[in-house]
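Each chain is listed here by its residues.
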Amino acid sequence: MSVPHRGMTEQAAQASIDQACRMLRLPSIRTAFPELAEQAAREQMSYLGFLAELLLTECDDRARRRSERRIKAAQFPRDKSLRAFDFDANPGIDPATIHTLATCEWVKKGQPLCLIGDSGTGKSHLLIALGTEAAMKGYRVRYALATKLVNELVEAADEKVLAKTVARYGRVDLLCIDELGYMELDRHGAELLFQVLTEREEKNSVAIASNESFSGWTRTFTDPRLCAAIVDRLTFAGNIIETGTDSYRLAQTRARAEQAS
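Note that the structure is predicted; figures quoted are calculated from it, not measured. Residue positions are counted from 1 within each chain, in the order its sequence is given. Whole-chain, interface and lining totals are the exception, using all residues; otherwise, since this is a predicted model, local features are given only for residues with pLDDT of at least 70 and side-chain atom pairs are given and counted only at 80 or more. The side-chain values count all of the structure's non-hydrogen atoms but skip hydrogen atoms and water molecules.

Student: Just checking my understanding: could you explain helix α2 (residues 27-42) for this structure?
Tutor: In an α-helix there are 3.6 residues to a turn, and that puts residues three or four apart on one side. What counts as a helix is a DSSP run of H or I of at least four residues, what counts as a strand is a run of E of at least two, and both are numbered from the N terminus. Every helix has an expected span of 1.5 Å times one less than the residues it contains. Spanning 16 residues, α2 covers 24 Å between terminal C-alpha atoms, matching the ideal 22 Å at 1.5 Å per step. In the structure, α2 departs most strongly from a straight axis at phenylalanine 33, where the bend amounts to approximately 55° and where the proline proline 34 lies between one and four residues downstream. The rule is simple: take the accessible area with a 1.4 Å probe, protein chains only, and divide by the maximum for that residue type; under 20% is buried, over 50% is exposed, in between is partly exposed. Turning to α2, its buried residues are Ser28, Ile29, Ala32, Phe33, Leu36 and Ala40. Residues count as neighbours in contact if any of their non-hydrogen atoms are within 4.5 Å of one another. Where α2 is buried, its residues contact α1 (10-24) and α3 (47-74). With its phi angle positive at about 50°, glutamine 44 sits one or two positions after the end of α2. The angle separating two fitted axes, one through the seven residues that finish at a residue and one through the seven that start at it, defines the bend at that residue.

Student: It is not clear to me how the pairing of strand β4 (residues 205-210) should be interpreted in this structure. Could you clarify?
Tutor: Consecutive side chains along a regular strand alternate between the two faces of the sheet. Of all six residues making up β4, six are buried, and the element is well covered by its neighbours. The alternating pattern of β4 places Ser205, Ala207 and Ala209 and Val206, Ile208 and Ser210 on opposite faces, both of which are buried. Here, strands pair whenever DSSP counts at least two bridges between them. Of the pairings in the sheet, the one linking strand β1 (residues 113-117) to β4 comprises four bridges and is parallel in character. If you follow cysteine 114 over to β4, its bridge partner there is isoleucine 208.

Structure, rendered in structure tokens:
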């Protein structure tokens, strides 16, 4: 084997590379270097080719870590992916439409998304999965249950930090609000949620999942004018996906019960 530049032994060269990678903060190159060096020798890779492999390894790993940080920052309650979504069990949902949404052009344009359907029809799965896709593509995403978001806003108003809290929710590229419509909101809570939606209007995207059709939102937002304004904020130039009324979870439970019997 040839002697490395500067007359170093192989062991000394590897130690120098390790130290340099630590100083330059290149952890992926430091970890992958021995294996890539052996691969380069076997395949008689050029110096440029070997350097490109090293740098691409570091870039790919950094991109992966950034995606992981963004997904973690979104505070999703569980992992959900489009790959794991059963379109056969949800025939009312068009796979092509969902995969088009997965490109996140709607997030880039600041458009809203509404997923409307009964419990167990996959809307929360799609909300989290599409939010995850957005995070992986470099967008800042935040997930929140509607009631918890409103409670946080009420507490912020009581503590005189509402403007700061609204601004924080206004800055993310995609705000995912789940379970909107499950519980009635008083006028104060609804007005605070409206402030967040107004802060984001035509600038940053909002995606919501609701078990109520828009006509039933008057039970959640008891003020008709405020209800109409919120519906307007969430539907203008947006995407509306209806996930249906047949519960996928209930069908699975029944199928398991039938198999057991």
